[in-house]
Amino acid sequence: MKNGKNSLYEDLKRLILTMELDPDQDLDEVSLGEGYGLSRTPVREIFRRLEGEGYVEIRANRGARVSPMNHQTLRQFFLVAPMIYAAIGRLAVQNYKPKHLVDLKETQERFRTASITGDALSMVLENNRFHEIFGEMAGNAYLQPSLGRLLIDHARIGHTFFRPRNSDMRQRLQLAVGHHDSFITALASYDENTVVDLVFEHWELSRENMEMFIAPEGIKADARVEMLTVSTEKIS
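Residues numbered from 1 in each chain as written. Predicted model: local features only at pLDDT ≥ 70, side-chain atom pairs only at ≥ 80, totals over all residues. Heavy atoms only, no water.

1. Brief notes about the environment of Gly35
Part 1 of the reasoning: With respect to the element layout, Gly35 can be found in helix 2 (residues 29–36).
Part 2 of the reasoning: Note on Gly35: relative accessible area 30%, which makes it partly exposed.
Part 3 of the reasoning: Put simply, Gly35 and Leu8 are 27 residues apart on the chain and 9.0 Å apart in space, counted from C-alpha to C-alpha. (Helix = DSSP H or I, 4+ residues; strand = E, 2+ residues; numbered from the N terminus. Buried < 20%, exposed > 50% of the residue type's maximum accessible area, 1.4 Å probe, protein only.)

2. Quick word on the side chain of Arg156
Part 1 of the reasoning: Residue position: Arg156 is located in helix 7 (residues 143–157).
Part 2 of the reasoning: There is a polar contact of 2.7 Å between the side chain of Arg156 and the backbone oxygen of Ser67.
Part 3 of the reasoning: Within the structure, Arg156 has its side chain in polar contact with the side chain of Asp153 (distance 2.6 Å). (Polar contact = N/O pair within 3.5 Å; in protein donor to acceptor, adjacent residues only side chain to side chain.)

3. Here we look at the pairing of strand 2 (residues 56–59)
Part 1 of the reasoning: Of the strand pairs in this sheet, strand 2 and strand 3 (residues 63–66) are connected by four bridges, and their pairing is antiparallel. Among the inter-strand pairings, Val56 is bridged to a residue of strand 3, identified as Val66.
Part 2 of the reasoning: Linking strand 2 to strand 3, which pair antiparallel, is a turn of three residues; within it Asn61 sits at a positive phi near 65°. (Pairing = 2+ DSSP bridges.)

4. Brief notes about a nonpolar patch on the surface
Part 1 of the reasoning: Taken together, the side chains of Leu79, Val80 and Met83 define a hydrophobic patch exposed on the protein surface, amounting to about 280 Å² of accessible area.
Part 2 of the reasoning: Tracing the backbone shows Val80 in helix 4 (residues 71–95). (Patch = residues over 30% accessible without salt bridge, like charges linked within 9 Å, V, L, I, M, F, W, Y side chains within 5 Å. Areas by Shrake-Rupley, 256 points an atom, 1.4 Å probe, with all protein chains shown as cover. Salt bridge = Lys/Arg side-chain N within 4 Å of Asp/Glu carboxyl O.)

5. Remarks on the packing of aromatic side chains
Part 1 of the reasoning: Tallied over the full model, the rule gives seven aromatic pairs.
Part 2 of the reasoning: Aromatic pair Phe77 and Phe78: ring centres 5.2 Å apart, planes at 90°, arrangement edge-to-face.
Part 3 of the reasoning: Take Phe78: its relative accessible area is 24%, and that puts it in the partly exposed class.
Part 4 of the reasoning: Taking NZ or CZ as reference, Arg49 lies 3.6 Å from the ring centre of Tyr9, over its face. (Phe/Tyr/Trp six-rings, centres within 6.5 Å; stacked < 30°, edge-to-face > 60°. Lys NZ or Arg CZ within 6 Å of the ring centre and 35° of its normal.)

6. Things to note about the nonpolar core
Part 1 of the reasoning: Membership of the largest hydrophobic core comes to 32 residues, with the highest contact counts inside it found for Phe77, Tyr85, Leu104, Phe134, Met137, Leu187 and Val195.
Part 2 of the reasoning: Contributions of two or more residues to this core are made by helix 4, helix 5 (98–117), helix 6 (120–138), helix 7, helix 8 (167–188) and helix 9 (192–214).
Part 3 of the reasoning: When residues in this core are grouped by element, the largest group, nine residues, is from helix 4.
Part 4 of the reasoning: Among all residues touching Met137, those that are not within four sequence positions of it are Leu91, Ala92, Asn95, Tyr96, His100, Leu101, Leu104 and Leu187.
Part 5 of the reasoning: Core analysis: the next-biggest nonpolar cluster, separate from the first, contains 27 residues, Ile16, Leu38, Val43 and Val56 among them. (Core = buried A, V, L, I, M, F, W, Y, C linked by side-chain atoms within 4.5 Å. Contact = heavy atoms within 4.5 Å.)

7. Focus: helix 8
Part 1 of the reasoning: The end-to-end C-alpha distance of helix 8 is 32 Å, a good match for the 32 Å that 22 residues give at a rise of 1.5 Å each.
Part 2 of the reasoning: Buried within helix 8 we find Met169, Arg172, Leu173, Ala176, Val177, His179, His180, Phe183, Ile184, Ala186 and Leu187.
Part 3 of the reasoning: Just downstream of helix 8 lies Tyr190, where phi reads positive at about 55°. (Expected span 1.5 Å × (residues − 1).)

8. Notes on the sheet that holds strand 1 (residues 26–27)
Part 1 of the reasoning: Read across the open sheet, the three strands follow the order 1-3-2; overall the sheet is antiparallel. A strand with exactly one partner marks an edge of an open sheet, and here the two such strands are strand 1 and strand 2.
Part 2 of the reasoning: Of the strand pairs in this sheet, strand 1 and strand 3 are connected by two bridges, and their pairing is antiparallel. Opposite Asp26, over in strand 3, you have Arg65 as the bridge partner.

9. Here's the deal with the packing of helix 2 against helix 3 (residues 40–53)
Part 1 of the reasoning: Close contact between helix 2 and helix 3 brings their axes to 9 Å; oriented N to C, the two are set at 110°. Viewed along their axes, helix 2 and helix 3 adopt a mutual orientation that is roughly perpendicular. Side by side, helix 2 and helix 3 meet where Glu29, Val30, Leu32 and Gly33 of the first sit next to Arg40, Val43, Arg44 and Phe47 of the second.
Part 2 of the reasoning: In terms of residue class, the contact of helix 2 with helix 3 is made up of four nonpolar, one polar and three charged. (Axes fitted to C-alpha atoms, helices over the stretch in contact; angles between N-to-C directions. Parallel < 35°, antiparallel > 145°, perpendicular 65-115°, else oblique. Nonpolar A, V, L, I, M, F, W, Y, C, P; charged D, E, K, R; others polar.)

Rendered as structure tokens:
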């Protein structure tokens, strides 16, 4: 049995980001409480905290569920994500503290190691953390919550990117690692324009990867023809 509110909070975030809990999935406060040695009250407090961060929704008389993803939320995501990422990047250059850059570099090294070892779970979490730090650097009370909500869906939509199954996807993953390195270099030089340029370049790579997940290549048409041919031959 796992113990503590913090463990439940962190585990739920991880399970949602990595799609181990599906969008719209109901969260059973009784079983979660039993699993973590918590009464209903602290479990509900965690749900409310996660709701404020965009991970879950709490419905009157129906309990909590993982935040949904549908055609409307996806459309809104793709419309506003590059604008918010660019604004965060610009403010990050203007406002970051040395400790932020240290944190960013350490996170990048963990992300790089995970990309080398093929640890998909760590890649998802460290990539998410890398971009969270930009929000902390920006320090904007209006934009940071929006960034947090975007990053949740960004991780969920693009999670298959961190399980590359062919050489093209592995190359694209290494390009993402390179973008992170370039972000750090530009931030260290207080190069605002380069950071913003990198934001759009990195977004375009992410957008293409997410489109592959949302609209994968269909099954070859001749697969059905071959199946029908085999079935006909068996009948005859």
